[in-house]
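Examining the three-dimensional arrangement
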Amino acid sequence: MNKARTVLTDAMWARIEPLLSGKATDPGRTADNRRFLAAVLWRFRTGSPWRDLAAYFGNWNRVFRRFRRWVQKGLFDRIFNVLSDEFDLSVDGTIMQAHAKASESEKGALAKASDARKAV
């Protein structure tokens, strides 16, 4: 993976690493937390489905299951609280995807508007 394309700097990583499950000192640790976080951030940055996760990040289903566990434990809340001053966490239209139906008006609303114009 291209280091320049990663989201977490070494300084950011040093701040959040102690908060995470599966640290190198934990018994039975097999996963790379930094790669896992990069996978999660990549997935949300691109809007891709979990199944399209690059092979570099590992099995998509394992990454997804781990993501769900971390959400349930509140780990992402802690991470974002620690890093909130590092980068802008606001959401804008450039990263949000809306369903096609989100832009459609209620069925028949256009017809009603044109009928009102004819009456004038």
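Our subject is the structure listed above.
Everything in this summary refers to the structure shown in the same document. (Residues numbered from 1 in each chain as written. Predicted model: local features only at pLDDT ≥ 70, side-chain atom pairs only at ≥ 80, totals over all residues. Heavy atoms only, no water.)

1. Let's talk about the overall build of the protein
Regarding its fold elements, the protein presents 5 helices and 0 strands. Counting from the amino terminus, helix and strand elements in the protein follow one another as α-α-α-α-α. The buried share among the 120 residues of the protein stands at 22%. A sequence separation of at least 24 residues applies to 54% of the contacts in the protein between residues at least 6 apart. (Helix = DSSP H or I, 4+ residues; strand = E, 2+ residues; numbered from the N terminus. Buried < 20%, exposed > 50% of the residue type's maximum accessible area, 1.4 Å probe, protein only. Contact = heavy atoms within 4.5 Å.)

2. As for the environment of Tyr56
Along the polypeptide, Tyr56 turns up in the loop between α2 (33-46) and α3 (60-73). The exposure class assigned to Tyr56 is partly exposed, which follows from its relative accessible area of 36%. In the structure, Tyr56 is positioned 17 residues away from Ala39 in sequence and 8.8 Å away in space, judged by C-alpha atoms.

3. A closer look at the packing of α3 against helix α4 (residues 75-83)
Two elements in contact, α3 and α4, have axes separated by 5 Å at closest approach and are oriented at 75°. Classed by the angle they form, the pair α3 and α4 counts as roughly perpendicular. Contacts from Phe67, Trp70, Val71 and Lys73 of α3 reach α4 at Leu75, Phe76, Arg78 and Ile79. (Axes fitted to C-alpha atoms, helices over the stretch in contact; angles between N-to-C directions. Parallel < 35°, antiparallel > 145°, perpendicular 65-115°, else oblique.)

4. Brief notes about the packing of aromatic side chains
Per the counting criterion, the structure on display carries 9 aromatic pairs. Through a chain of ring-to-ring contacts, three or more aromatic side chains come together here, namely Phe36, Phe44, Trp50, Phe64, Phe67, Trp70 and Phe76. The lysine or arginine in question, Arg66, covers the ring of Phe36, its NZ or CZ lying 4.4 Å from the ring centre. (Phe/Tyr/Trp six-rings, centres within 6.5 Å; stacked < 30°, edge-to-face > 60°. Lys NZ or Arg CZ within 6 Å of the ring centre and 35° of its normal.)

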